[in-house]
Amino acid sequence: TTFTTPQLVFLGESKSNSAASAATIDNIFSDTYHLYFFHADILVATNGTHVTAQLVSSGTADTDGYYYSFQGLDQAGNSESGDSAGAAASWSISGANSSARGCQIHGHISGPTSGQDNNKKISWACETFDSANNQVHRTGGGFQTTSSDHTGIKILCGSGNMSQHSIQIYGVANTERFGG
């Protein structure tokens, strides 16, 4: 058996020091990689908003069929959790955030070009502050139900803007989907 060390290959980014309603990074997903790593550093403008993500097909975001759940713990020892409770218009990838505080999210997206229902998945971890300004760590995951071959990702806030953002996407080399 030969083992190959996985490598991260930079594919794209979006950065802005100005307010933006969303950041779309397109033409990055392909059959070259099955697994993608992302990192987002976001300053949200609206207290209590969730940072969300949608998969993109040739420039257009899919706005249906997202399922997710998350759980977390804040510095005061309070546990938090949430879920989509059915199909949603996007994945929540942070839970509620405090305005004017940094939100760092990193995670993995698998199978965005699979063309198979329920095979597009996300897992993430978020370090942020809740709406009461308590530091909180949350983890979550989800899946998306369309059979589209997705080409990119759109990151946006559930309400309001991102005051500033820096988002990078990497392909994880030597990853294959089942049957690959």
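The structure reproduced in this document is the subject of the present report.

About the thresholds
- Residues numbered from 1 in each chain as written.
- Predicted model: local features only at pLDDT ≥ 70, side-chain atom pairs only at ≥ 80, totals over all residues.
- Heavy atoms only, no water.
- Buried < 20%, exposed > 50% of the residue type's maximum accessible area, 1.4 Å probe, protein only.
- Helix = DSSP H or I, 4+ residues; strand = E, 2+ residues; numbered from the N terminus.
- Pairing = 2+ DSSP bridges.
- Core = buried A, V, L, I, M, F, W, Y, C linked by side-chain atoms within 4.5 Å.
- Contact = heavy atoms within 4.5 Å.
- Phe/Tyr/Trp six-rings, centres within 6.5 Å; stacked < 30°, edge-to-face > 60°.
- Salt bridge = Lys/Arg side-chain N within 4 Å of Asp/Glu carboxyl O.

Structural notes on the pairing of strand S8 (residues 91–96)
Working step 1: S8 sits mainly inside the fold: five of its six residues count as buried.
Working step 2: Bridge count between strand S4 (residues 50–57) and S8: three bridges; the pairing is antiparallel. Each bridged residue has a counterpart across the sheet, and for His50 the counterpart in S8 is Ala96.

Let's talk about the nonpolar core
Working step 1: By size, the foremost hydrophobic cluster in this structure holds 32 residues, and its most contacted members are Ile93, Ile105 and Ile155.
Working step 2: Sorting elements by how many residues they give to this core places strand S3 (residues 35–44) first, with five residues.
Working step 3: In this structure Ile155 touches Ala22, Ala23, Ile42, Val51, Thr52, Ala53, Ile93, Met162 and Ile167, once residues within four positions along its chain are discounted.

Here we look at the packing of aromatic side chains
For any pair of aromatic rings, geometry is given as the distance between the ring centres together with the angle between the planes.
Working step 1: Throughout the structure, instances matching the rule amount to eight aromatic pairs.
Working step 2: Pairing Tyr66 with Trp91 gives two aromatic rings, centres 5.1 Å apart and planes at 80°, and the pair type is edge-to-face. Note that Tyr66 is positioned in strand S6 (residues 66–74) and Trp91 in strand S8, a separation of 25 residues in sequence. Each member of the pair, Tyr66 together with Trp91, is buried.
Working step 3: Here Tyr67 and Phe143 contribute two aromatic rings whose centre-to-centre distance is 4.9 Å and whose plane-to-plane angle is 5°, an arrangement assigned as stacked. Placement of the pair is Tyr67 in strand S6 and Phe143 in strand S11 (residues 135–144), with a sequence separation of 76 residues.
Working step 4: On the basis of relative accessibility, which here comes to 29%, the residue Tyr67 falls in the partly exposed class.
Working step 5: Exposure remark for Phe143: the relative accessible area of 30% places this residue in the partly exposed category.

A closer look at the pattern of salt bridges
Working step 1: Throughout the structure, instances matching the rule amount to two salt bridges.
Working step 2: We note a salt bridge from Glu13 to Lys15, for which the minimum N-O separation is 3.6 Å.
Working step 3: Residue classification places Glu13 among the partly exposed residues on the basis of a relative accessible area of 39%.
Working step 4: For Glu80, the salt bridge identified is with Arg138, shortest N-O distance 2.6 Å. With a gap of 58 residues between them, Glu80 in strand S7 (residues 79–83) and Arg138 in strand S11 connect regions that are remote in the sequence.

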